[in-house]
There are 4 protein chains.
Amino acid sequence: MDVIVDLCVVPIGVGISVSEYVAACERVLTEAGLTIQLHAYGTNIEGEWDAVFAAIKRCHEVVHEMGAPRITTTIKAGTRNDRKQTMAEKVESVERKLKTDSK
Amino acid sequence: MDVIVDLCVVPIGVGISVSEYVAACERVLTEAGLTIQLHAYGTNIEGEWDAVFAAIKRCHEVVHEMGAPRITTTIKAGTRNDRKQTMAEKVESVERKLKTDSK
Amino acid sequence: MDVIVDLCVVPIGVGISVSEYVAACERVLTEAGLTIQLHAYGTNIEGEWDAVFAAIKRCHEVVHEMGAPRITTTIKAGTRNDRKQTMAEKVESVERKLKTDSK
Amino acid sequence: MDVIVDLCVVPIGVGISVSEYVAACERVLTEAGLTIQLHAYGTNIEGEWDAVFAAIKRCHEVVHEMGAPRITTTIKAGTRNDRKQTMAEKVESVERKLKTDSK
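Since this is a predicted model, take the numbers as computed values, not measurements.

1. Considering the relation of the copies chain D and chain A
Least-squares fitting of chain D to chain A yields an RMSD of 0.0 Å, with the transformation described by 0.0 Å of translation along the axis and a rotation of 180°. The superposition of one copy onto the other is thereby described by a two-fold rotation axis. When each C-alpha of chain D is compared by its distance to the rotation axis, D:H39 comes out closest, at 3.7 Å. Interface overlap between copies: 100% of the residues of chain D at the interface are likewise at the interface in chain A, consistent with a symmetric, same-surface contact.

Here is the structure:
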């Protein structure tokens, strides 16, 4: 089962700046061989369910090891069994609609 | 690693009423032996990370088997390594603060 | 337009314990006359859209005033125009399905 | 109070494809003069709190007008009072950390 995920990991109890921890998660996801896309409020991930969620668990472990005593994470997870769909296709699908309507 | 989760599974493409699918997820979570608490916009779950996320994956499989071609799920996941904390303690902690302040 | 919301306000940069801030938000929501229900990973709110979102904004203002330099909040917001639905009805609807199926 | 938001509007009861509704929301946000960035699981928005949330409310109204009887929306909202921060800066901050560490 493939999944497209939006992941936002928030370390609590380590001060105001969280970019160091987000960067560490990016490395975990990349090393797991997943297709990812960083955006301003999280990271989109595309892959097989087990691989994606194993990497998300690893993010929590790594962020705790970096010193964060507490983590709160928000995940959106989308699956479909009618057809395959990539992250790029989701964006293109909306952009195509926007172009058609503006003609 | 223990985790407290807030889970909200939304089937897409099966009409307006989603309670049948939410009930199916409740059964999946209960049969997995997890401590759960249904609320008006999701279900809180308490348990070991792997057991909780295996059950969430099973929810997606079951909801697809019930006929939903597409699912979008929102998950909040909280971990901490400074101390153990239950769902009940999180609620009590806030309620205690509310009582103290109203004195 | 009525809305049912799940609100989770997370102050960043003020240490590990957040219950004090959550309690402050509970008071803001209650003083706004909204129907609320605290749970282990947020607070459910029921009310008219403008009243609910004005109270959520007030939560951010109050949590900043309490000393949090940064806040990240997760909101689920549900609206429907086919019929009225309360938070209690959403829970009852799922519990009814669970009872029927276990017969 | 400025806010950075991640918005994901999901129409329920209108079939499997939701891109038409997402495109309509993009137009609402653009017409409101907000800085936005579409990604694979939502849209990032940057602006003043009241303008951003007025536009989100308008998204719900428009998606209902298009025929969706029910909508469930997920919002992440970040505010800070220690300094100004744009969406672009949030991404750059993480990417700078990634470059530094790979040297």
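Here the narrative resumes.
2. What about the packing of helix α2 (residues 49–65) of chain C against helix α2 (residues 49–65) of chain D?
Direction vectors running N to C along α2(C) and α2(D) enclose 150°, while the axes themselves pass 12 Å from each other. Considering the angle they form, α2(C) stands roughly antiparallel to α2(D). Relative to α2(D), the crossing made by α2(C) is right-handed. Along its contact with α2(C), which presents C:W49, C:D50, C:F53, C:I56, C:K57 and C:H60, the element α2(D) presents D:W49, D:D50, D:F53, D:I56, D:K57 and D:H60.

3. Side note on the interface of chain D and chain A
Facing the 31 residues of chain D at the interface are 31 residues of chain A. Carbon and sulfur atoms supply 67% of the area buried between chain D and chain A, which totals about 2,600 Å² over both sides. Connecting chain D to chain A are two salt bridges. In this structure, D:D6 and A:K76 form a salt bridge, with 2.8 Å as the shortest nitrogen-oxygen distance. At the junction of chain D with chain A, the criterion picks out 18 residue pairs in polar contact (both at pLDDT 80 or more). Contributions of two or more residues to the side of chain D that touches chain A are made by β1 (2–12), α1 (19–31), β2 (35–39), β4 (70–80) and α3 (87–102) of chain D. Tallying contributions element by element places α3(D) first for the side of chain D that touches chain A, with nine residues.

Conventions used here
- Here the residue numbering is sequential within each chain, running from 1 through the sequence in written order.
- The naming scheme follows written order: chains are lettered A onward, ligands numbered 1 onward.
- With the structure being a predicted model, the display of local features is reserved for residues of pLDDT at least 70 and the display and counting of side-chain atom pairs for 80 or more, all residues being used for whole-chain, interface and lining totals.
- Heavy atoms from the whole structure form the basis of all side-chain values; hydrogens and water molecules are not counted.
- In this comparison the copies share one frame, found by least squares on the C-alpha atoms of residues holding pLDDT of at least 70 in both.
- We call two residues in contact when some of their heavy atoms are within 4.5 Å.
- Angular values range over 0 to 180 degrees, each being the angle between N-to-C directions of two axes fitted as lines to C-alpha atoms, with helices fitted over their stretch in contact.
- A helix here means a DSSP run of H or I that spans at least four residues, while a strand means a run of E at least two residues long, and both kinds are numbered starting from the N terminus.
- These descriptions rest on fixed angle ranges, namely under 35 degrees for roughly parallel, over 145 for roughly antiparallel, 65 to 115 for roughly perpendicular, and the rest for oblique.
- In this scheme, a crossing is called left-handed if the near helix is turned counterclockwise away from the far one by less than a right angle; it is called right-handed if the turn is clockwise.
- The term buried area denotes the loss of accessible surface (1.4 Å probe radius) that occurs when two parts are joined, taken as the sum for both partners.
- The rule for a salt bridge is simple: a side-chain nitrogen of Lys or Arg has to be within 4 Å of a carboxyl oxygen of Asp or Glu.
- Polar contact is the term for a pair of N or O atoms within 3.5 Å; when the atoms are in protein, one must be able to donate a hydrogen and the other to accept it, and sequence-neighboring residues count only if both atoms are side-chain atoms.

By themselves, these figures tell us nothing about what the structure is for.
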